[in-house]
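# Overview (structure and organization)
Spelled out, the chains give:
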Amino acid sequence: IANGYLSGSGTILTVHTADWEHVVSHLKLAIGTVSHKKDNVTAISVLNLRGAIRHLKLEVKSRDKFIPRVYQTTSPADRVALLQGLMDGDGSVSATGNKVMYCTTSWQLANDVQELVEGLGGISSQRWYDRSAEEKPAECQVRMRLPAWVQPFLSPRKSARYKPGDALWSKSAPC
């Protein structure tokens with residue numbers, strides 16, 4: 001759902017080149033071609049997912065991506081894993097100030113990420129940017145603050161920068 005291509009004949013996952021070995025080691029799926037592209041991006045084709053993508057109606061363009069409703073109502077551990085996948089793909093944490101955000105061009109996905117964060121006990125807000133001057137679609141930053149028990153990144157490159165939230169926040173998972 002995060003950073004990749006779901007709407008064509010194949011399923012492509014794109015990741016920062018520094019993260020690709022880590023991502024591939026966590027995939028429990030068969031992978032096909034791996035191609036290293038310019039600008040620190042690696043594209044990985046993932047095999048045998050077309051049926052599941054069609055079933056979940058995820059065969060859409062980036063601007064129409066969303067989180068399937070069934071994923072929003074699963075266990076807290078599964079929702080954290082979903083958040084981690086999204087954040088490893090299209091999330092970031094600032095080098096200073098511990099500012100955590102998720103970026104998307106999809107209005108629905110921005111709302112769904114905000115709901116996911118808040119369902120885990122976090123707080124979030126959205127900020128939209130007009131990028132038409134760059135001949136790009138508008139982009140939303142979903143800014144978030146998470147409870148201390150939620151680690152938003154699995155990627156070593158991103159998780160090394162992240163510092164868990166305010167100590168006053170609950171360290172227990174939501175019901």
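A few points on the structure. It should be emphasised that the depicted structure is a prediction, and the values quoted were computed from it without experimental measurement.

### Thoughts on unusual backbone geometry
When glycine is set aside, most residues are seen to have a negative phi, and most peptide bonds are trans. One non-glycine residue, Lys57, adopts positive backbone phi at about 60°. Secondary-structure assignment places Lys57 in the loop between α2 (50-55) and α3 (69-72). Relative accessible area serves as the criterion here: at 61%, Lys57 is assigned to the exposed category.

### Overview of the pattern of salt bridges
Opposite charge on two side chains permits pairing when their charged atoms draw close. Tallying each qualifying case throughout the model produces seven salt bridges. Across the salt bridge formed by Arg54 and Glu59, the nearest N and O atoms sit 3.7 Å from each other. Close ionic contact of Arg63 with Asp64 constitutes a salt bridge, the shortest N to O distance being 3.9 Å. Under the relative-accessibility criterion, Arg63 is labelled exposed at 55%. Within the structure, one salt-bridge network assembled from shared partners comprises Arg50, Arg54 and Glu59.

### Thoughts on the environment of Gly121
Here Gly121 is to be found in the loop between α5 (107-119) and β7 (123-129). Taking the C-alpha atoms as reference points, Gly121 and Pro147, separated by 26 residues in sequence, lie 6.3 Å from one another.

### What to know about the packing of aromatic side chains
All chains considered together, the criterion is met by one aromatic pair. Taking 6.1 Å as the distance between ring centres and 65° as the angle between the ring planes, the aromatic pair formed by Phe153 and Tyr162 counts as edge-to-face. In this structure, Phe153 and Tyr162 share a single accessibility class: buried.

### Quick look at α5
In this model α5 runs 18 Å from its N-terminal to its C-terminal C-alpha over 13 residues, within 8% of the 18 Å that 1.5 Å per residue would give. Residues Leu109, Ala110, Asp112, Val113, Gln114, Leu116 and Val117 constitute the buried set of α5. Gly121 sits one or two residues past α5 and shows a positive phi near 95°.

### Quick word on helix α4 (residues 76-90)
In this model α4 runs 21 Å from its N-terminal to its C-terminal C-alpha over 15 residues, within 8% of the 21 Å that 1.5 Å per residue would give. Along α4, the residues that are buried comprise Pro76, Arg79, Val80, Leu82, Leu83, Gln84, Leu86, Met87 and Asp88. Those residues of α4 that are buried lie in contact with α3, β5 (91-93), β6 (100-104), α5, β8 (139-145) and α6 (156-159).

### Describing the sheet that holds β8
The sheet built from four strands is open, its strands ordered β5-β6-β8-β7 with antiparallel pairing. Strand pairing shows two members of the sheet lacking a second neighbour, β5 and β7, which therefore form its edges. In this sheet, adjacent strand axes meet at a mean angle of 25° when their direction is disregarded. Contacts between α5 and the sheet are confined to β6, β7 and β8, with β7 contributing the most and set at about 160° to the helix.

### A closer look at the nonpolar core
Within the largest apolar cluster, 23 residues are counted, with the highest numbers of intra-cluster contacts made by Leu83, Leu86, Tyr102, Val113 and Met144. Where this core is concerned, the elements lending two or more residues are α4, β6, α5 and β8. Among residues more than four places away in sequence, those in contact with Leu86 are Ile1, Ala2, Ile67, Gly91, Tyr102, Val113 and Leu116.

Conventions used here
Residues numbered from 1 in each chain as written. Predicted model: local features only at pLDDT ≥ 70, side-chain atom pairs only at ≥ 80, totals over all residues. Heavy atoms only, no water. Helix = DSSP H or I, 4+ residues; strand = E, 2+ residues; numbered from the N terminus. Buried < 20%, exposed > 50% of the residue type's maximum accessible area, 1.4 Å probe, protein only. Salt bridge = Lys/Arg side-chain N within 4 Å of Asp/Glu carboxyl O. Phe/Tyr/Trp six-rings, centres within 6.5 Å; stacked < 30°, edge-to-face > 60°. Expected span 1.5 Å × (residues − 1). Contact = heavy atoms within 4.5 Å. Pairing = 2+ DSSP bridges. Axes fitted to C-alpha atoms, helices over the stretch in contact; angles between N-to-C directions. Core = buried A, V, L, I, M, F, W, Y, C linked by side-chain atoms within 4.5 Å.

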